[in-house]
Amino acid sequence: MTATVPVRERDPFRQESTPMPRIALYALVVCVLAVVAAVVSFARGSLLGIVWVLIAGLSSNMTWFYVRGFTGWPPPPPPPDAA
């Protein structure tokens, strides 16, 4: 006889604590460097800083996406009850 362990219901709004993926760290570094480049470009009077601001925005969105761990909305359906 094997004992069955009750399935713990998964809370769809609770995030698991997982380490940050390496690609999220790379995207964060790109974001910080793009912000620094934008500040330097605008300080020198160049309008090229606009491109750096756009790159910073894109990379910050990528960082947020990878840190969240690809969780989509709506949350996945609950597992079926073990009968």
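Computed from a predicted structure; not experimentally measured.

A. Molecular detail of the overall build of the chain. Within the chain, the secondary structure is distributed over two helices and zero strands. Here the chain holds 83 residues, and 14% of them are scored as buried. Carbon and sulfur atoms make up 69% of the accessible area of the chain, which amounts to about 7,400 Å² in all.

B. Just the packing of helix α1 (residues 22-43) against helix α2 (residues 49-68), in detail. Interaxial distance between α1 and α2 falls to 8 Å at its minimum, and their mutual angle equals 160°. When the axis of α1 is compared with that of α2, the two are roughly antiparallel. Relative to α2, the crossing made by α1 is left-handed. Facing α1, whose interface residues are Ile23, Ala24, Ala27, Leu28, Val30, Cys31, Ala34, Val35, Ala37, Ala38, Ser41 and Phe42, α2 presents Gly49, Ile50, Trp52, Val53, Ile55, Ala56, Ser59, Ser60, Met62, Thr63, Tyr66 and Val67.

C. Region of interest: the packing of aromatic side chains. Summed over all chains, the structure comprises one aromatic pair. Here Phe65 and Tyr66 contribute two aromatic rings whose centre-to-centre distance is 5.5 Å and whose plane-to-plane angle is 70°, an arrangement assigned as edge-to-face. For Phe65, a relative accessible area of 43% translates into the label partly exposed. The exposure class assigned to Tyr66 is buried, which follows from its relative accessible area of 19%.

D. Inspection of the environment of Leu33 at higher detail. Among the secondary structure elements, Leu33 is positioned in helix α1. For the pair Leu33 and Trp52, spaced 19 residues apart in sequence, the C-alpha separation works out to 9.0 Å.

E. View of α1. Compared with an ideal rise of 1.5 Å per residue, which puts 22 residues at 32 Å, α1 spans 32 Å between its outermost C-alpha atoms and is within 8% of the ideal. Those residues of α1 that are buried are in contact with α2. Gly45 sits one or two positions beyond α1 and adopts a positive phi of about 85°.

F. Looking closely at a nonpolar patch on the surface. Together, Met20, Leu25, Tyr26, Leu28, Val29, Val32, Leu33, Val36, Val40 and Val67 make up an exposed nonpolar region whose accessible area comes to about 890 Å². No other element matches the eight residues that α1 contributes to the nonpolar patch.

G. Summary view of the environment of Ser41. Take Ser41: it is sitting in helix α1. Taking C-alpha positions, Ser41 is 9.8 Å from Val51, a pair spaced 10 residues apart along the chain. If we ignore the near neighbours within four places in the chain, the residues touching Ser41 are Ser46, Leu48, Gly49 and Trp52.

H. Quick look at the side chain of Thr63. By secondary structure assignment, the location of Thr63 is in helix α2. According to the relative accessible area criterion, Thr63 is buried, its value standing at 10%. Here Ser59 takes part through its backbone oxygen, which lies 2.9 Å from a polar atom of the side chain of Thr63. Setting aside residues no more than four positions away along its own chain, Thr63 makes contact with Ala24, Ala27 and Leu28.

Procedures and definitions
Residues numbered from 1 in each chain as written. Predicted model: local features only at pLDDT ≥ 70, side-chain atom pairs only at ≥ 80, totals over all residues. Heavy atoms only, no water. Helix = DSSP H or I, 4+ residues; strand = E, 2+ residues; numbered from the N terminus. Buried < 20%, exposed > 50% of the residue type's maximum accessible area, 1.4 Å probe, protein only. Areas by Shrake-Rupley, 256 points an atom, 1.4 Å probe, with all protein chains shown as cover. Axes fitted to C-alpha atoms, helices over the stretch in contact; angles between N-to-C directions. Parallel < 35°, antiparallel > 145°, perpendicular 65-115°, else oblique. Left-handed = near helix turned anticlockwise from the far one by under 90°. Contact = heavy atoms within 4.5 Å. Phe/Tyr/Trp six-rings, centres within 6.5 Å; stacked < 30°, edge-to-face > 60°. Expected span 1.5 Å × (residues − 1). Patch = residues over 30% accessible without salt bridge, like charges linked within 9 Å, V, L, I, M, F, W, Y side chains within 5 Å. Salt bridge = Lys/Arg side-chain N within 4 Å of Asp/Glu carboxyl O. Polar contact = N/O pair within 3.5 Å; in protein donor to acceptor, adjacent residues only side chain to side chain.

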